[in-house]
Amino acid sequence: MNNIAVLGAGVMGHGAAQLFAQAGKNVCIRARRESSLEEAKELMNNSLKIMVEKEMLTENDRNEALARVTYTTDLHEAIQGADFIFESIPEILEPKLETYEIIESVVSENTIIASNTSTFPLEELTQNANHPDRFIITHFFNPPQIVPTVEIAKDENTNEQVVETTYNLIKEIGKSPVVLKKEITGFIVNRVQVAMLREAFNLMEKGVATAEDIDTAMKGSMGFKWAFCGPMESQDLAGLQTTKAMVGNISQDLSNSREVPSFLEDMVESDQLGIRTNQGFYNYDDNGEEAIRSRDDQFINLLKLLQQKQG
Ligand SMILES: NC(=O)C1=CN([C@@H]2O[C@H](COP(=O)(O)OP(=O)(O)OC[C@H]3O[C@@H](n4cnc5c(N)ncnc54)[C@H](O)[C@@H]3O)[C@@H](O)[C@H]2O)C=CC1
Ligand SMILES: O=C(O)[C@@H](O)C(=O)[C@H](O)[C@@H](O)CO
């Protein structure tokens, strides 16, 4: 697994390309537009600079990682000779299926095709596949070059050798893989995240708290705790009799909405997309460049602490 193709150079694709390159892999990243590739190159360079500043990497590591990445707008060129194809294009099913169809017409049946999808189960992703057994889900978290967890989802068609090879590759690049026992839409983390977001959006709609209030409350509590003590371990430390009372006393009052809240629909419709458009739950004036720098600076400090704990 030395030759990695990364399809999509956006929020996740550029970070994944950087991560694989840092781990010594040859990476070819593809986007449809040169401008996307240029932006990805700058984002990778900025991220690697912070890692050098934080003494996670040497200047030589940074230069060698950048030298391992090639850029193309040609899909065939990107996947030619790839051992492992990491698909990270937008979370829309049709373009993913169209991309897989092209890939399968070019590569050998042994080439692993991994999707970074946030939600789609393999059953949907492989519905037109010639060789569904070589597809797998490797769900990284933003930013992938820093956040440790990678969820690996398979289904009954997935070749066990593909699972083992993928698991070993994810470990080799320094991540913490979690293989789901059963496949389910949204896997583990995004199901828990969406359940949390549903309630957070409910609190905003009820006027109980603003987005900033919620961020402050969560960062200083569960965000603080869960980096070192997960939600289940936290219950053991709290006392499960209290957990039982909390769940029993609150559950019936939680939102049971099955819809995207209208305010979120309106924000997306009016191009309030977050850092990409300088407006989301917060306002920006630099397309989030400072927010990303601050995030990476703090996340790398946390990563160092976690790595010290792991020894
Ligand atoms: N943004 C996030 O925080 C996370 C996203 N993901 C998943 O990763 C995947 C990519 O998400 P992002 O990086 O956020 O998307 P993005 O929109 O930032 O980047 C998508 C990239 O794909 C390219 N692209 C768009 N349409 C294409 C097509 N039809 N064919 C080929 N390339 C195309 C774009 O030019 C861009 O380079 C999605 O499946 C998403 O659910 C997973 C974890 C976190
Ligand atoms: O935070 C993340 O990286 C993950 O929860 C995701 O997969 C989501 O796409 C997220 O980025 C959007 O909430």
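Residues numbered from 1 in each chain as written. Chains lettered and ligands numbered in written order. Predicted model: local features only at pLDDT ≥ 70, side-chain atom pairs only at ≥ 80, totals over all residues. Heavy atoms only, no water.

> Can you break down the site of ligand 2 residue by residue, with the values?
Taken together, Ser118, His139, Phe141, Asn142, Asn190 and Gln193 make up all the residues around ligand 2. In this structure, an oxygen atom belonging to ligand 2 sits 2.6 Å away from a side-chain N or O atom of Gln193. Relative to its free-state accessible area of 330 Å², ligand 2 is covered by the protein chains to the extent of 60%. Considering only residue class, the shell around ligand 2 consists of 1 nonpolar, 5 polar and no charged. (Near = heavy atom within 4 Å. Polar contact = N/O pair within 3.5 Å; in protein donor to acceptor, adjacent residues only side chain to side chain. Areas by Shrake-Rupley, 256 points an atom, 1.4 Å probe, with all protein chains shown as cover. Nonpolar A, V, L, I, M, F, W, Y, C, P; charged D, E, K, R; others polar.)

> Can you tell me about the sheet that holds strand S5 (residues 112–115), naming the residues and giving the values?
What the 8 strands build is an open sheet, ordered S3-S2-S1-S4-S5-S6-S7-S8; its pairing is mixed. If you trace the sheet from one side to the other, it starts and ends with strand S3 (69–72) and strand S8 (176–179), each paired once. The sheet shows a mean angle of 25° between the axes of neighbouring strands, taken without regard to direction. Pairing of strand S1 (residues 3–7) with strand S4 (residues 84–87) involves 4 bridges; the strand directions are parallel. When the sheet's bridge partners are listed, Ala5 is paired in S4 with Ile85. (Pairing = 2+ DSSP bridges. Helix = DSSP H or I, 4+ residues; strand = E, 2+ residues; numbered from the N terminus. Axes fitted to C-alpha atoms, helices over the stretch in contact; angles between N-to-C directions.)

> Can you explain the nonpolar core? Please cite residues and give values.
In this structure, Val6, Phe20, Val27, Ile29, Phe84 and Phe140 are the most contacted members of the largest nonpolar core, which totals 37 residues. Examining the composition of this core, we find that 6 residues originate from one element, helix H2 (residues 34–53), more than from any other. With near-sequence residues (within four places) excluded, Val27 lies in contact with Ile4, Val6, Ala17, Phe20, Ala21, Arg68, Val69 and Thr70. Membership of the second largest hydrophobic core comes to 23 residues, among which are Ile79, Tyr100, Ile103 and Leu180. (Core = buried A, V, L, I, M, F, W, Y, C linked by side-chain atoms within 4.5 Å. Buried < 20%, exposed > 50% of the residue type's maximum accessible area, 1.4 Å probe, protein only. Contact = heavy atoms within 4.5 Å.)

> So what's going on with the site of ligand 1? Which residues, and what values?
In the vicinity of ligand 1, 21 residues are found, and the nearest of them are Val11, Met12, Glu91, Lys96 and Ser118. Interatomic distance of 2.9 Å between a backbone N/O atom of Val11 and an oxygen atom of ligand 1. One of the side-chain nitrogen or oxygen atoms of Glu91 is found 2.5 Å away from an oxygen atom of ligand 1. Burial of ligand 1 by the protein amounts to 81% of the accessible area it has alone, namely 830 Å². Of the residues in the shell around ligand 1, the class split is 7 nonpolar, 9 polar and 5 charged.

> Can you tell me about the UniProt feature "site: Important for catalytic activity" (unreviewed entry) in the chain, naming the residues and giving the values?
Those places that UniProt annotates as "site: Important for catalytic activity" (unreviewed entry) correspond, in this numbering, to His139. There is a polar contact of 2.7 Å between the side chain of His139 and the side chain of Glu151. (UniProt positions renumbered as here; feature names shortened; annotations may be inferred.)

> Which residues make up the packing of H2 against helix H13 (residues 289–310), and what values do they have?
Where H2 contacts H13, the two axes come as close as 10 Å, and the packing angle between them is 40°. With respect to H13, the axis of H2 lies oblique. Considering only the axes of H2 and H13, their crossing is right-handed. For the pair H2 and H13, contact is made by Ser47, Ile50, Met51 and Glu53 and by Arg293, Asp296, Asp297 and Ile300, respectively. Looking at the contact of H2 with H13, its residues break down into 3 nonpolar, 1 polar and 4 charged. (Parallel < 35°, antiparallel > 145°, perpendicular 65-115°, else oblique. Left-handed = near helix turned anticlockwise from the far one by under 90°.)

> Before we move on, can you summarise the domain arrangement of the chain with the specific residues and values?
Here the chain is partitioned into domain 1 (3–179) and domain 2 (189–310). Here the C-alpha centre of domain 2 lies 26 Å away from the C-alpha centre of domain 1. Overall, the association of domain 1 and domain 2 removes approximately 1,400 Å² of surface from exposure, summing both partners, and the carbon and sulfur fraction of that is 61%. For the pair domain 1 and domain 2, the number of links is 2 salt bridges. In this structure, the salt-bridge partner of Glu53 is Arg293, at a minimum N-O distance of 2.7 Å. Linking domain 1 with domain 2 are 6 residue pairs in polar contact (both at pLDDT 80 or more). If you tally residues by element for the side of domain 1 that touches domain 2, the top one is H2, at 4 residues. Partitioning the side of domain 1 that touches domain 2 into residue classes produces 9 nonpolar, 5 polar and 4 charged. (Domains from an automatic or database assignment. Buried area = accessible area lost by both parts, 1.4 Å probe. Salt bridge = Lys/Arg side-chain N within 4 Å of Asp/Glu carboxyl O.)

> So what about a negative patch on the surface? Which residues, and what values?
A cluster of acidic side chains, namely Glu39, Glu42, Glu289 and Glu290, defines a negative patch on the protein surface. Looking at the negative patch, the elements that each hand over two or more residues are H2 and H13. Here Glu42 is to be found in helix H2. You can call Glu42 partly exposed: its relative accessible area is 47%. (Patch = residues over 30% accessible without salt bridge, like charges linked within 9 Å, V, L, I, M, F, W, Y side chains within 5 Å. Lys, Arg positive; Asp, Glu negative; His and termini not counted. Charge placed at Lys NZ, Arg CZ, Asp CG, Glu CD.)

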